[in-house]
Every structure is written in structure tokens, then in C-alpha cells.
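Reading the structure
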Amino acid sequence: PNALIDEFGTDAIRYFLLREVPFGQDAKYARRALAERINADLANDLGNALHRSLSMLERFCDGVVPQPGAPEPIDLWFQQLAAEVVDGVDQHLQKLEVNVALVELWRLVGGVNKYIDETEPWSLAKEASTRERLHTVMYHVCEALRIIALVLTSFLPASGKEIWRQLGLTALERQGYVD
């Protein structure tokens, strides 16, 4: 595993093993499966959600998470999804279904990308009249990423901490929860 860790990183290998190997079961390893899982989940899904979110936050809100306005139905759906995912991850972990807990967490990662696609913050940023709506959307995107970082840290400590840092959050670090 050391050669794989040197090539892909500790968290990527940890993710692959936790995601692909049910607790207490045997597993098959294929280098191609490893690369595909890392690329699909970590780079494309999570990386894309994080990168596009932080880029829009910087571009449209000067890098500061704005205060939200009144929620619309899609915002309420997104909040409900986040709550369901956190609860689902907890339920699966209590049953030692670590791989299923990660599948559950990735529902929220996919939800971030879907929410962005459906709310189109880049369009909202074009008009002063939609500024409050833009702020609401960006707030919800950043809140979802904060939740993802918190939950992900239990599985992938370095990645969770890096997302936390990129979001400009420090409270948990000061309290010793994120190393």
C-alpha cells in the first residue's frame, strides 16, 4: 500500500478501501477500479463541487459567505437532503456499514452539484435585483460544504481539514477537533 499511498495519497487510498470494502468482508483490488473511484468520486464529484463553489464565492461574494434571504422550495429541499444525509450516515455507521455511509454522504456531494446547476448562481450574479437570491444560494452551498467537511473528516481527515480550511473556517481547529 505504501507505493499506492505515495502515488495517490493517504486519503484517496483510505477512501477507496472504505468505499469499496464492506466492513468485515473480503475485497478485490484492481488498480483501474482504484483510479476510477478516485477520479469519479473525489476529483469529479467532490472536487468539482468544491472548486466551482469556492470560485463563485470569491467571484460573486468577495470570498465571504453571505447571509441568506428567504428560502425558496429548492433551498428547503437542499436543507432536507443535508439533514437526511447526516442522519443516514449516522445510522449506517451504527451498523458498521462504512461503505454505505460514504455512499450516503456522496448523496449530499451530488446534491451540491445539482443545487448549483438548478439555481444557476452565475445567472443570479448578473442582476442587482437577484442579489439576495444569489446570497441565499451561496449560503446554502457553503453550508452544505461545511457539513460535508465535518462528516468527511471522520473518514478522510486530511481532506476534511483541507475543505474546512478552504472554506475559511477555524473554530474546530482552535478547539482541537480538526488536526
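Details of the structure are given in the entry above.
These lines cover the structure that appears in this document, whether it is placed above or below. (Residues numbered from 1 in each chain as written. Predicted model: local features only at pLDDT ≥ 70, side-chain atom pairs only at ≥ 80, totals over all residues. Heavy atoms only, no water.)

One finds Leu-105, Trp-106, Leu-108, Val-112, Ile-148 and Phe-155 to be the most contacted residues of the largest nonpolar core, which totals 50 residues. Only α2 (10-20), α3 (31-61), α4 (73-94), α5 (98-119), α7 (131-153) and α8 (157-166) provide two or more residues apiece to this core. Sort the elements by how many residues they give to this core and α7 lands first, with twelve residues. Leave out the neighbours within four places in its chain, and Leu-108 touches Phe-78, Leu-81, Ala-82, Val-85, Ala-144, Ile-147 and Ile-148. (Core = buried A, V, L, I, M, F, W, Y, C linked by side-chain atoms within 4.5 Å. Buried < 20%, exposed > 50% of the residue type's maximum accessible area, 1.4 Å probe, protein only. Helix = DSSP H or I, 4+ residues; strand = E, 2+ residues; numbered from the N terminus. Contact = heavy atoms within 4.5 Å.)

The next point concerns the packing of α7 against α8. Closest axis-to-axis distance for the α7/α8 pair is 7 Å, and the angle between their directions is 155°. The orientation of α7 with respect to α8, classified from their angle, is roughly antiparallel. As for the relative orientation of α7 and α8, their crossing is left-handed in sense. Two secondary-structure elements touch here, α7 through Leu-145, Arg-146, Ala-149, Leu-150, Leu-152 and Thr-153 and α8 through Pro-157, Ser-159, Gly-160, Lys-161, Ile-163 and Trp-164. Of the residues assigned to the contact of α7 with α8, the class counts are seven nonpolar, three polar and two charged. (Axes fitted to C-alpha atoms, helices over the stretch in contact; angles between N-to-C directions. Parallel < 35°, antiparallel > 145°, perpendicular 65-115°, else oblique. Left-handed = near helix turned anticlockwise from the far one by under 90°. Nonpolar A, V, L, I, M, F, W, Y, C, P; charged D, E, K, R; others polar.)

Of all the bends in α3, the greatest, near 40°, is centred on Gly-47. Directly after α3, the chain includes Asp-62, whose backbone phi takes a positive value near 55°. (Bend = angle between axes of the 7 residues up to and from the residue.)

Okay, the environment of Leu-76 next. Relative to the helices and strands, Leu-76 resides in helix α4. Taking relative accessible area as the criterion, Leu-76 reaches 44% and is therefore assigned partly exposed. Put simply, Leu-76 and His-140 are 64 residues apart on the chain and 9.7 Å apart in space, counted from C-alpha to C-alpha.

What follows covers the environment of Ile-163. Topologically, Ile-163 is positioned in helix α8. Ile-163 sits in the buried class, given a relative accessible area of 4%. With 117 residues separating them in the primary sequence, Ile-163 and Leu-46 have C-alpha atoms 10.0 Å apart. Beyond its immediate stretch of four places on either side in the chain, Ile-163 contacts Leu-46, Leu-50, Leu-145, Ala-149 and Leu-152.

On to the packing of aromatic side chains. Within the structure shown, the criterion is met by three aromatic pairs. A centroid spacing of 5.9 Å and a plane angle of 20° characterise the contact between Trp-77 and Phe-78, whose relative ring orientation is stacked. Among the residues examined, Trp-77 registers a relative accessible area of 33% and is labelled partly exposed. Seen from their ring centres, Phe-78 and Tyr-115 are 4.2 Å apart, and the 10° between their planes marks the pair as stacked. Within this pair, whereas Phe-78 is found in helix α4, its partner Tyr-115 is found in helix α5, the two being separated by 37 residues in sequence. Across the pair, exposure class does not vary: Phe-78 and Tyr-115 are buried alike. (Phe/Tyr/Trp six-rings, centres within 6.5 Å; stacked < 30°, edge-to-face > 60°.)

With that settled, consider the side chain of Arg-52. On the secondary structure map, Arg-52 appears in helix α3. Separated by 3.4 Å, the side chains of Arg-52 and Asn-113 make a polar contact. In this structure, Arg-52 is in contact with Asn-113, Ile-116, Asp-117 and Trp-122, ignoring residues within four places of it in sequence. (Polar contact = N/O pair within 3.5 Å; in protein donor to acceptor, adjacent residues only side chain to side chain.)

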